[in-house]
Amino acid sequence: MSGIIETLLWGVANGCIYILLATGLNIIFGVMKLVNFAHGQLLMIGAYVAFTVSTAVGLNAYLSILMAMVAMALVGVALERLTFRRVLGTDKLNEIFVSLGLIYVFENAAVLLWGNKLKQIPNPLQGDGLFLGDVLIGYDRLLAILIVAIILVALFVLLKKTKIGLAMRATSQRSGTSMLMGVNIEKIYIFTFALGAALAGAAGALYGILLPFDPGIGALPTIKAFAIIMLGGLGSIPGAVIGGLLYGIAENTAVYFLGGIWQDAIAFALLIIVLVIKPTGLFGEKGE
Amino acid sequence: MQKKLIAIIVVVIVAVAAVLVGWQLMQTPSPSPEARAIKIGLVACYDKAEGQDMDRAAKMAVQEINDAGGVWVEEWNTNVDIELVIVDTEDDSTGKSVGPVTQAVLEDGVDLLIGGYTSSGTLANQVVAIENRVPYIITGASSSLVTRRGPQGNYGGLPADNQLRIEDAEGMSYMFHYCTTTADYSKTVVKFFAETMKPLLDSTYGFDSSRNLRLAILYRDDAFGKGVKDDSKAIIASENLPIDVVIERSYPTTATNFQTDLTVVKDANPDAVYVVDFIAGTAEIIKQGQRDVGLDTVYIAVECCEDPQFYTLLGQYGKGQLLESKFAPYAGPPFYLSTIDTYVTDYQAKYNTLPGMMGADTYDAFYIAKAAIEAAGTVDKAAVRDAIESVSVDQMLIITETGKIEFSTGVNYHEIAPVTFVEQLVWNEAAGECRAVIVYPDTAPGIDPLKQADFTLPEGYEPGSP
């Protein structure tokens, strides 16, 4: 019994990483209608940035999350200006191929800069936890869940209570009309991409705190993030949250009951089932 | 008159001698114009620590051989150097390992191949050598299928419709396995548990002698992992060892998060966990097991983890844990073989790090190749294959049952008879990481004692359920 409780807790913690990644991807897709297959590589670079500031500067692992978010936001601005801006609004295939090319650029850059060996961000809480009966609850898991909750609340406030959030939502629903109403679409696109990249950076830093990583870790999370936003509903932030949690829990319980080789199969089976029953996803929203 | 006669005799002698010397010089053959460097391809995954160790060891062996005059090739009447051809299989995945070997064989024209890392990668890339009749001394890939999947190995017991079977008996005769097989080291591991750990558990925790040791096997989902798992269970059954395999779990080869698998293992209450993976995966499992899951047990790693990176990655989590091996650069000096003292010293001087096990096999293999080519007197591949088959040289870095390096005398597939042992890791404050002591067995052929210390249970160890 203790094993399944621990497994559920890990599922929630891993799900939190997926939530951040999928939310960032969802925001970018929702506002810009852009499909970025290199989003997982932003997670990977975020993990390395956090690792570097933690090990080289000695910054606390949890403070390094902020550094990763800032760094990835800047990377996001550069990416949007230098690559996606050039192809946005042209054939969808152009966006897809740009993002596919970026996967190789980021992965090879990471190998050049940090090598290809597994790394993990030094975490002061690593190995510490409390026992509830036989159940070991790691403090680092609990803190990860708390951090994600704080980021999501901040994101909610940003989107619902600020002018720029209003502009983002308006652009998401009717970009043409928003432009006519005086919204600077270009600035909104830059901000949106930077925000999505910052969330990926936070996801990467948390990933690096909880798990070992290498330059190849971005590929599968990207696909999972896409699956999560389809599961939760395209453009829906609550959908990404619920989808991410479901994914994390489904993956870990599949490993627990069926074995590690079923981890990805079960999670994607869940996606297929939901899409067959409700093709718009759990919280699908209609937009432009 | 007499002086004149003597002078004539001297002149005649000098003339005859000059003629003889000239004739002799005429007869001494000059090096053949065909003489060239011997091309040996090193098949290694340069992405990984193991491959980098193999590369360093190969370069060291080649430099030593070339500096000592090279390899004598009788048909060329000269000594020639070895030219190392890099055959980089990157991560050694099946998809990436065949192309580089094909290039080495068909374009670079290697005379011989040495290396191989994962079983799955080597099973894929060796087909190129089999089809093109290139001798291949395989120093990694512990699956016995690399030499037994042909007719002479009775297809390694594979069913008739299995795609791994090779019908080309002659092609398979070019394969030589200078490495322990999964059966070799699984036997050492399970016998250690039965003969050493079980009695210690019984006496420490007052277990009834009829209680079997509870073993968990956590393995990567590939030929290597399955081979170790199957061989371990087969040996336990065939030798009727007092061990119950209470759980066996596989995971994808790409996994880096083992927490849930370890939780399932913990739920099975094992006395020990046999971890079947390479360096990074094994180190992660041992760390995550203790740190994240609270599975405070004895973990034993496979010999491919005998590498500096493994000790570094483990850090303090290595304390009291076990490593099965056939080469122990962390258990000395002094070492159980003087050849290891020399090798470790030279390697450290050259590369400023301790050597690993994968490189030790590779290093030996270059000397085996040298001996075989000199015995064959040619680089003709069939002749070199025959020479490797009959090679008999003194053991070097790897202990063998006979003290000689010989490939399966009396059987048709080519394997050596290595000796493996179990090391326990102990924390070394000065080094800032663990070092090893050999704890099993007591002796090896020609080495008495081999054991350096008694096995002790790690601090905080918790046995499985009674």
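As a convention, each chain's residues are numbered from 1 in the sequence order in which they are written. The naming scheme follows written order: chains are lettered A onward, ligands numbered 1 onward. Restriction of local features to residues with pLDDT of at least 70 applies here, the model being predicted, together with a cutoff of 80 or more for giving and counting side-chain atom pairs; totals for whole chains, interfaces and linings are based on all residues.

*Asks:* How should I be thinking about the overall build of chain A in this particular structure?
*Replies:* Scanning chain A from N- to C-terminus turns up eleven helices and two strands. Comment: elements are numbered from the N terminus, with helices defined as DSSP H or I runs of at least four residues and strands as E runs of at least two. For chain A, the N- to C-terminal ordering of α and β elements is α-α-α-α-β-β-α-α-α-α-α-α-α. Here the C-alpha radius of gyration of chain A, 19 Å, is about what a compact globule of 288 residues would show, namely 19 Å. Residues are called buried when their C-beta atom has 20 or more other C-beta atoms within 10 Å, exposed when it has 12 or fewer, and partly exposed otherwise; all C-beta atoms are positioned from the backbone. Within chain A, the proportion of its 288 residues that are buried is 51%. By the convention adopted here, residues make contact when the C-beta atoms placed from their backbones lie within 7 Å. Within chain A, counting contacts between residues at least 6 apart in sequence, those at least 24 apart form 76% of the total. Put simply, the radius of gyration uses C-alpha atoms, and a globule should come to 2.2 Å times the residue count raised to 0.38.

*Asks:* Even after reading the chapter, I still don't get the pairing of strand 10 (residues 272-276) of chain B, so can you show me in this structure?
*Replies:* When a strand is regular, its side chains alternate between the sheet's two faces. Residues and elements named next belong to chain B. Taking burial as the measure, the five residues of strand 10 include five buried ones, the bulk of the element. Taking every second residue as pointing to the same face, both faces of strand 10 are buried, with A272, Y274 and V276 on one and V273 and V275 on the other. In this scheme, strands are said to pair when DSSP sees at least two bridges between them. Pairing of strand 8 (residues 213-220) with strand 10, which is carried by five bridges, proceeds in the parallel orientation. When the sheet's bridge partners are listed, Y219 is paired in strand 10 with V276. By convention, orient the strands away from the viewer: a clockwise path from the first strand over the helix to the second makes the crossover right-handed. Running through helix 10 (residues 279-291), the crossover from strand 10 to the neighbouring parallel element strand 11 (residues 298-301) is right-handed.

*Asks:* I would appreciate a short explanation of the sheet that holds strand 17 (residues 433-440) of chain B in the present structure.
*Replies:* Each strand in a sheet pairs with another by means of backbone hydrogen bonds, the pair being arranged parallel or else antiparallel. All names here are of chain B. The seven strands are arranged 9-8-10-11-12-16-17 in an open sheet whose pairing can be described as mixed. Edge positions in the sheet fall to strand 9 (243-251) and strand 17, since each has one partner strand and no second. Averaged over all adjacent pairs, the angle separating strand axes in this sheet is 25 degrees, with direction ignored. Where helix 9 (residues 259-267) meets the sheet, its contacts fall on strand 8, strand 9 and strand 10, and the angle it forms with strand 9 comes to roughly 165 degrees. Whenever a helix is involved, its axis is fitted only over the stretch in contact; in every case the axis is a line through C-alpha atoms, and angles between N-to-C directions fall within 0 to 180 degrees. This element, helix 10, spans strand 8, strand 10 and strand 11 of the sheet and lies at about 150 degrees to strand 10.

*Asks:* Teacher, can you tell me more about the packing of helix 7 (residues 182-205) of chain B against helix 8 (residues 223-238) of chain B here?
*Replies:* All names here are of chain B. The interhelical angle for the contact between helix 7 and helix 8, taken along N-to-C directions, is 55 degrees, at an axis separation of 8 Å. In terms of axis orientation, helix 7 runs oblique to helix 8. Our pair here, helix 7 against helix 8, has a crossing hand that is right-handed. Note on element contacts: helix 8 touches helix 7 through G227, V228, D231, S232, I235 and I236, opposite T182, A183, S186, K187, V189 and V190. Amino acids are sorted into nonpolar (Ala, Val, Leu, Ile, Met, Phe, Trp, Tyr, Cys and Pro), charged (Asp, Glu, Lys and Arg) and polar (every other residue, Gly among them). For the contact of helix 7 with helix 8, the class distribution of residues is six nonpolar, four polar and two charged. Working rule for angles: under 35 degrees goes down as roughly parallel, over 145 as roughly antiparallel, 65 to 115 as roughly perpendicular, anything else as oblique. Should the near helix be turned anticlockwise from the far one by less than a right angle, the crossing is left-handed, and should it be turned clockwise, the crossing is right-handed.

*Asks:* When you look at the sheet that holds strand 1 (residues 38-44) of chain B in this model, what are you seeing that I'm missing?
*Replies:* Residues and elements named next belong to chain B. Read across the open sheet, the six strands follow the order 4-1-5-6-7-15; overall the sheet is parallel. Looking at strand neighbours, the two that pair on one side only are strand 4 (82-88) and strand 15 (414-415), the edges of this open sheet. Pairing of strand 7 (residues 175-177) with strand 15 involves two bridges; the strand directions are parallel. Bridged to F176 within strand 15 is H414. Across the sheet, helix 4 (residues 119-132) lies against strand 1, strand 5 (112-115), strand 6 (136-138) and strand 7, angled at about 160 degrees from strand 6, the strand it touches most.

*Asks:* Whenever I open this one, the interface of chain B and chain A confuses me. Can you help?
*Replies:* How big an interface is tends to be reported as the loss of accessible area on association of its parts. Contacts between the two partners involve 22 residues from chain B, matched on the other side by 18 residues from chain A. Listing elements by their share of the side of chain B that touches chain A, those giving two or more residues are strand 9, helix 9 and helix 10 of chain B. Considering each element in turn, the side of chain B that touches chain A owes the most residues, seven residues, to helix 9 of chain B.

*Asks:* I keep staring at the packing of helix 9 (residues 219-232) of chain A against helix 10 (residues 237-258) of chain A and nothing clicks. Help me out?
*Replies:* Think of two packed helices as two axes; the pair is described by the angle between the axes and how far apart they sit. Residues and elements named next belong to chain A. The contact between helix 9 and helix 10 brings their axes to 8 Å, and the two run at 120 degrees. Considering their axes alone, helix 9 and helix 10 lie oblique with respect to each other. Of the two elements, helix 9 crosses helix 10, and the hand of that crossing is right-handed. Facing K224, I228, I229, L231 and G232 of helix 9, the residues of helix 10 in contact are G239, A240, I242, G243, G244, L246 and Y247.

As far as function goes, none of this settles anything; it's purely spatial.
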